[in-house]
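# Summary of structural features
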Amino acid sequence: MATTPTGPARAAGPYRVVVVCTGNICRSPMGEFILRERFAEAGLGHRVVVESAGTHSWEVGNPADPRTLAVLERNGHADFGGADHVARQFERAWFDQVDLVLVADRGHQRDLTRLARTDEQRAKVRLFRSFDPESARAGDLEMDDPWYGQDDAFDQTYAEVTAAADGVVDHVRRALDHHRNSRIRN
């Protein structure tokens, strides 16, 4: 992750989102690439940086799972970084650099809230599917790890990511508008 300034100067930079799963080869890169595409479609691509990471080091240095890239290709998505993806592990210092951390399941949520040093940092950690109104209503907020499954498991993950993606975009748009409006008033 590129280093960005913290404090008041940070406010002028892009809004930063990190999508997190276990190894950073299946769920989180899929979320990263789909969100990059959605932010670009929403005209926010220049204002939002989306990256991904894992909670563990097991896959560090590996590319995205070919099944992740295949499901994106099957569904007509352009390459928003899949060919160049290299798995990495989330680092505690990143909390000072990011605005939103989207996790795939409650285990990741527990891991990252323990890693966070402040309540403000812990508040940045959200379940990805909490941005899908239907999933939120049903209380079904976790994404199963497709790594153990076949193509249908990756199709399910794809459906879960795409169902929540517009909610993430709306959330970030509101945060950017709020920040812009508060700067105008000051």
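Up top is the structure these notes are about.
Below is a summary of the structure that appears in this document. (Residues numbered from 1 in each chain as written. Predicted model: local features only at pLDDT ≥ 70, side-chain atom pairs only at ≥ 80, totals over all residues. Heavy atoms only, no water.)

Counted by the stated rule, this structure contains 14 salt bridges. Among the salt bridges present, the one from Asp140 reaches Arg129, with a minimum N-O distance of 3.5 Å. Of this pair, Asp140 sits in the loop between helix H5 (133–138) and helix H6 (151–185) while Arg129 sits in the loop between strand E4 (125–127) and H5, placing them 11 residues apart in sequence. A residue is classified by how much of its surface remains accessible, and Asp140, at 42% relative accessible area, is partly exposed. Looking at Arg129, the relative accessible area reads 7%, which means it is buried. (Salt bridge = Lys/Arg side-chain N within 4 Å of Asp/Glu carboxyl O. Helix = DSSP H or I, 4+ residues; strand = E, 2+ residues; numbered from the N terminus. Buried < 20%, exposed > 50% of the residue type's maximum accessible area, 1.4 Å probe, protein only.)

As a further point, take the side chain of Ser135. Looking at the element boundaries, Ser135 is found in helix H5. Here Arg129 takes part through its side chain, which lies 2.8 Å from a polar atom of the side chain of Ser135. Of note is the side chain of Ser135, whose polar atom sits 2.7 Å from the side chain of Asp132. (Polar contact = N/O pair within 3.5 Å; in protein donor to acceptor, adjacent residues only side chain to side chain.)

This part takes up the packing of helix H1 (residues 27–41) against helix H2 (residues 66–74). Taken N-terminus to C-terminus, the directions of H1 and H2 make an angle of 30°; their axes are 9 Å apart at the nearest point. Here H2 runs roughly parallel to H1, going by the angle between their axes. Handedness of the crossing formed by H1 with H2: right-handed. In contact with Met30, Phe33 and Ile34 of H1, H2 contributes Thr68, Leu69, Val71 and Leu72. (Axes fitted to C-alpha atoms, helices over the stretch in contact; angles between N-to-C directions. Parallel < 35°, antiparallel > 145°, perpendicular 65-115°, else oblique. Left-handed = near helix turned anticlockwise from the far one by under 90°. Contact = heavy atoms within 4.5 Å.)

What follows deals with the environment of Arg47. Take Arg47: it is sitting in the loop between H1 and strand E2 (48–54). When its relative accessible area of 25% is taken as the criterion, Arg47 is described as partly exposed. For the pair Arg47 and Tyr15, spaced 32 residues apart in sequence, the C-alpha to C-alpha distance is 6.2 Å. Once residues within four sequence positions are removed from consideration, Arg47 is found in contact with Pro14, Tyr15 and Leu176.

Note that all results are geometric; they support no functional claim without further evidence.
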